[in-house]
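Residue-level listing of the chains:
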Amino acid sequence: MKNSTRFSTLLLDWNRNSNDRQMPWKGERDPYLVWLSEIILQQTRVEQGLPYFLRFKEAYPTLHDLADAPEDDVMRLWQGLGYYSRARNLHHTAKHIAYELKGEFPSTYHDIVKLKGIGPYTAAAISSFIFGERQAVVDGNVIRVLARVYGIELPFDTTDGRKHFSHLAQELISAEHPGEYNQAIMDFGATVCTPLNPKCEECPFSKVCVAYQKNLISELPVKSKKIVKKERYFYYLVLKNDKEIIISKRSGDDIWKGLYILPYIESDKPIRKNIAQRLSEYLGQKVSVAGYSKPYSQQLTHQSHQSVFIFVEGVDLQNVHIDGAMRVPLDKLSTFGFPKTVYLFLVENSLL
Ligand code: SF4
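Here the structure is a predicted model, which is why all the values come from computation and not from measurement.

Rules behind the numbers
- Residues numbered from 1 in each chain as written.
- Predicted model: local features only at pLDDT ≥ 70, side-chain atom pairs only at ≥ 80, totals over all residues.
- Heavy atoms only, no water.
- Domains from an automatic or database assignment.
- Contact = heavy atoms within 4.5 Å.
- Buried area = accessible area lost by both parts, 1.4 Å probe.
- Salt bridge = Lys/Arg side-chain N within 4 Å of Asp/Glu carboxyl O.
- Patch = residues over 30% accessible without salt bridge, like charges linked within 9 Å, V, L, I, M, F, W, Y side chains within 5 Å.
- Areas by Shrake-Rupley, 256 points an atom, 1.4 Å probe, with all protein chains shown as cover.
- Helix = DSSP H or I, 4+ residues; strand = E, 2+ residues; numbered from the N terminus.
- Buried < 20%, exposed > 50% of the residue type's maximum accessible area, 1.4 Å probe, protein only.
- Pairing = 2+ DSSP bridges.
- Phe/Tyr/Trp six-rings, centres within 6.5 Å; stacked < 30°, edge-to-face > 60°.
- Lys NZ or Arg CZ within 6 Å of the ring centre and 35° of its normal.
- Axes fitted to C-alpha atoms, helices over the stretch in contact; angles between N-to-C directions.
- Parallel < 35°, antiparallel > 145°, perpendicular 65-115°, else oblique.
- Nonpolar A, V, L, I, M, F, W, Y, C, P; charged D, E, K, R; others polar.
- 1 Å grid on protein atoms, 1.4 Å probe; cavity = no way out; pocket = protein on both sides within 12 Å on 5 of 7 lines; lining within 4 Å.
- Points joined across faces, edges and corners; volume = space filled by probe spheres on them.
- Left-handed = near helix turned anticlockwise from the far one by under 90°.

*Asks:* So, the domain arrangement of the protein: which residues are in play, and what are the values?
*Replies:* When the domains of the protein are assigned, the result is domain 1 (4-219) and domain 2 (230-348). A straight line from the C-alpha centre of domain 1 to that of domain 2 covers 37 Å. Taken together, the contact between domain 1 and domain 2 spans ten residues of the former and 15 residues of the latter. Counting each side, the surface lost to burial between domain 1 and domain 2 is near 960 Å², with a carbon and sulfur contribution of 47%. Put simply, domain 1 and domain 2 have two salt bridges between them.

Below is the structure:
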């Protein structure tokens, strides 16, 4: 389909006639709430992100409320959503806008994209939805739609591929209704031109869609690289007595920064022997193993985690001197934010 106006007309007609996807942030005029929804929805399905958006909106109805919140509270509210740098950046940028920009949310794509934690996609969404700027969003949904309609076989995860899809998206976006167009293409990719079993029979592009006409739907879009996941084995230590438990705050550049975890030993392969000895060495005191939890498995984009929690016996909590470790009362555990696997373990073992 050569004519870009025709593409946006078909898409906007579809949006006006058949798109009834209701989202609480649709039609929102506050850039803070649009930003919040876009950050929550990165790498996250709508069904999973929606309750988080509503919780954040209730806890922090304005950008100033978020800026003034303690970091631990923000992280705890984000608990379970993953990709925790999003929460840290959100909080950092809220403070920046509230205090350095005097509460004034930047109003152009150029200025929005400079904010920490805001990439081209989110900047395009905010600048088009709120400020009417003609900036096309480009994400997996958009790439899939364009690759199929236009039969693009260039791998999208290469420099050339990225440039090609960005230019095409920018060429196609409606000049009159850029915000509506961006929302429409996001919804169209999420509900009609889905990765599996797209609804081609009811699709307004079916007569011109190259993938549909040439039976290439499952081949498009093309990706060049396969992600090789890093395997990580975590052996968490349950160091507790009747009243207290040891936890530690994550810092450094690894995942979960800002959240709390149980102390752990990590390996790149399963540890099968001498666990008690390794624990004693790690803790600097002689301990024994009272039992193991069931295994927990978690898949992240670039990492695969296998975790086991070890119930440790004979530990003197006052003499645990691991980096960052802190003794906390068991009845205060719920005031800390934990990554998903640790949270699940604590809940399943009635510790939370
Ligand atoms: S015809 Fe099918 S593959 Fe082509 S854009 Fe429509 S839903 Fe996607």
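*Asks:* Kindly report on a nonpolar patch on the surface, identifying the contributing residues and their values.
*Replies:* Together, Y343, V347 and L352 line one region of the surface with nonpolar side chains, adding up to about 220 Å² of accessible area. The topology assignment puts Y343 in helix α14 (residues 340-348). We classify Y343 as partly exposed; its relative accessible area is 34%.

*Asks:* Outline the pattern of salt bridges, listing residues and values.
*Replies:* Applying the stated rule across the entire model yields 14 salt bridges. Ionic pairing is found between D254 and R232, a salt bridge with its closest N-O pair at 2.7 Å. Here D254 is found in the loop between β2 (244-249) and β3 (260-261), whereas its partner R232 is found in strand β1 (residues 230-238), with 22 residues between them in sequence. Residue classification places R232 among the buried residues on the basis of a relative accessible area of 4%. Here E348 and K294 are joined by a salt bridge, their closest N and O atoms 3.0 Å apart.

*Asks:* Could you give me a rundown of the environment of S293, with the residues and numbers involved?
*Replies:* With respect to the element layout, S293 can be found in the loop between β5 (288-292) and β6 (296-299). For the pair formed by S293 and Q213, sequence separation is 80 residues and the distance between their alpha carbons is 53 Å. When residues no more than four places from it in sequence are discounted, the contact partners of S293 are V308, F309, F311 and F345.

*Asks:* Explain the sheet that holds strand β8 (residues 325-329) to me, and be specific about the residues and the numbers.
*Replies:* Taken together, three strands build an open sheet; the order of strands is β3-β2-β8 and the sheet is antiparallel. Since the sheet does not close on itself, it has two edges, and those belong to β3 and β8, each with one partner.

*Asks:* Give me the lowdown on the packing of aromatic side chains, citing residues and values where you can.
*Replies:* By the definition in use, this model includes 20 aromatic pairs. Centroid distance Y296 to F309: 5.5 Å. Interplanar angle 85°. Geometry classified as edge-to-face. Linking Y296 in strand β6 with F309 in strand β7 (residues 303-313), this pair joins segments that are 13 residues apart in sequence. Under the relative-accessibility criterion, Y296 is labelled buried at 7%. Between the aromatic rings of Y296 and F345, the centroid separation amounts to 6.4 Å while the plane-to-plane angle is 80°, which identifies the pairing as edge-to-face. Taken together, the positions of Y296 in strand β6 and F345 in helix α14 put the pair 49 residues apart, joining distant regions of the chain. Pairwise contacts between aromatic rings join F234, Y236, W256, Y264, Y296, F309, F311 and F345 into one cluster. Sitting over the face of the ring of Y52, R55 holds its NZ or CZ atom 4.7 Å from the ring centroid.

*Asks:* Explain the packing of helix α1 (residues 4-18) against helix α11 (residues 178-191) residue by residue, including any values.
*Replies:* For any two helices packed against each other, the geometry is given by the interaxial angle and the distance between the axes. Running from amino to carboxyl end, α1 crosses α11 at an angle of 75°, the nearest separation of the two axes being 9 Å. In terms of orientation, α1 lies roughly perpendicular with respect to α11. Together, F7, S8, L11, L12, W14, N15 and R16 of α1 and E180, Y181, A184, I185, D187, F188 and T191 of α11 make up the contact between the two elements. Of the residues in the contact of α1 with α11, the class split is eight nonpolar, three polar and three charged.

*Asks:* So what about the side chain of Q298? Which residues, and what values?
*Replies:* Topologically, Q298 is positioned in strand β6. Its relative accessible area of 15% is what places Q298 among the buried residues. Those residues in contact with Q298, other than ones at most four positions away along the chain, are Q303, S304, H305, K340 and T341.

*Asks:* So what about the layout of surface pockets? Which residues, and what values?
*Replies:* By volume, the largest pocket amounts to about 1,600 Å³. When residues of the lining of the largest pocket are traced back to their parent elements, those giving at least two are α2 (31-41), α3 (46-59), α6 (85-100), α8 (120-129), α9 (140-150), α10 (159-172) and α11. Here the lining of the largest pocket takes five residues from α8, the largest share from any one element. Lining of the second largest pocket is provided by 21 residues; of these, L81, G82, Y83, Q298 and L300 occupy positions nearest its centre. Listed by contribution, the elements that provide at least two residues to the lining of the second largest pocket are α6 and β6. Its residues assigned to classes, the lining of the second largest pocket shows seven nonpolar, eleven polar and three charged. Domain assignment of the residues forming the lining of the second largest pocket places at least three in each of domain 1 (4-219) and domain 2 (230-348).

*Asks:* Break down the packing of helix α5 (residues 71-78) against α6 for me, citing the residues and quoting the values.
*Replies:* Where α5 meets α6, the closest approach of the two axes is 10 Å, and the angle between their N-to-C directions is 140°. Between α5 and α6, the crossing angle belongs to the class labelled oblique. For the crossing formed where α5 meets α6, the hand is right-handed. Residue-level inspection shows E71, V74, M75 and W78 of α5 in contact with α6, the latter providing R86, A87, R88, L90 and H91. Taken together, the residues of the contact of α5 with α6 break down into five nonpolar, one polar and three charged.

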